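What follows is the residue order along each chain.
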Amino acid sequence: MTTTLESVPIRTVSRRRLDGEGSLQVQLDPNVQIGNAKVFAIYGKGGIGKSTTSSNLSAAFSRLGKRVLQIGCDPKHDSTFTLTKKMLPTVIDVLETVDFHAEELRPEDFVFEGYNGVRCVEAGGPPAGTGCGGYVVGQTVKLLKEHHLLEDTDVVIFDVLGDVVCGGFAAPLQHAERALIVTANDFDSIFAMNRIVQAIGAKARNYKVRLGGVIANRSAATDQIDRFNARTGLTLAAHFPDLDVIRRSRLKKSTLFEMEPSPELAKVQAEYMRLAAALYLGSEPMEAIPLKDRDLFDLLGFD
């Protein structure tokens, strides 16, 4: 008797999928922990100003006397250039030079000092369409741990690529204590924020990371953000308006604490200092409930 594909019965078993099932999830080595430092992961829509926010927040922490390490998690590797005044080689670039024999690297090969002593690392990423960003994050933290570079660190900031919330780019959430979301007062940014809230909630089931608040950026008003926050249970941690001095600081490869003094700049600097102090003191975690896409469409953008 000949068995054909058509003659084979197909059984469909219905069951609930586990978190992340059906997609490639990055499992970091549980033995590679950052340690006693306070760890923050900065997320948000691509182009919303996460690197500017992260770098100035790092600078503010350093001005509070904290020992700060900023890790850029983007193949574009431009997270730290306002701190260092240059584009740094990525961890992946440096590993490639030693044929991925990590034991041959020295700390000065991939860790660089920036403004006010902030230590800077650019994790980078795999070539487009290949590999996983989570692997890069894991290798970076492993290198820092092996070289004992996390033992004298008070604050670690992960500046994470765009609004991609796959397993790989959610990997910093496996290390972070608090995740902060940078957003503008518009639908696209808030839509990305809603997705990121979902990702943080998924990781919070198995890791200590919790939501730490929303940073409004490049926005004069916050009415749409406030409406979303009220509905989901989030709160506004800081507000940075769309000021030309912030744009110019990026062009000048400088933090806001190095720009020519002005009354408007002083307010922004004070807001960064207030945010850094509040984050370091700690806050109650937020239990936000993300919205369904249709509910978000109905909530925002209509009178």
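Residues numbered from 1 in each chain as written. Predicted model: local features only at pLDDT ≥ 70, side-chain atom pairs only at ≥ 80, totals over all residues. Heavy atoms only, no water.

It is worth spelling out the pairing of strand S8 (residues 236-240) at this point. Sheet topology places strand S7 (residues 210-217) next to S8; four bridges connect them, and they run parallel. From the neighbouring strand, Asn217 faces S8, where its bridge partner is Phe240. Read from S7 through helix H6 (residues 223-232) to S8, the crossover connection turns out right-handed. (Pairing = 2+ DSSP bridges. Helix = DSSP H or I, 4+ residues; strand = E, 2+ residues; numbered from the N terminus. Right-handed = clockwise from strand over helix to strand, strands pointing away.)

Turning our eyes to something else, we now look at the confidence of the model for the protein. Parts of the model with low pLDDT should not have their predicted coordinates read in detail. Model confidence for the protein is summarised by a mean pLDDT of 85, while 84% of its residues fall at 70 or above. The low-confidence segment residues 3-14 (pLDDT under 50) makes one contact with residues lying over four places distant or belonging to another chain. (pLDDT = per-residue confidence, 0-100. Contact = heavy atoms within 4.5 Å.)

Note that Thr84 resides in helix H2 (residues 81-84). Residue class for Thr84 comes out buried when judged on its relative accessible area of 11%. Taking C-alpha positions, Thr84 is 8.1 Å from Lys253, a pair spaced 169 residues apart along the chain. Not counting residues within four places of it along the chain, the set of residues in contact with Thr84 comprises Glu113, Gly114 and Cys120. (Buried < 20%, exposed > 50% of the residue type's maximum accessible area, 1.4 Å probe, protein only.)

Next up on the list: the sheet that holds strand S4 (residues 119-122). The pairing of strands in a sheet happens through backbone hydrogen bonds and is either parallel or antiparallel. Taken in spatial order, the eight strands line up as S3-S4-S2-S5-S1-S6-S7-S8 in an open sheet, and their pairing is mixed. In this open sheet, the two strands that pair with only one neighbour each are strand S3 (112-113) and S8. Pairing analysis gives five bridges linking strand S1 (residues 38-44) to strand S5 (residues 155-160), with the strands arranged parallel. Its bridge partner being in S5, Lys38 is matched across the sheet by Val155.

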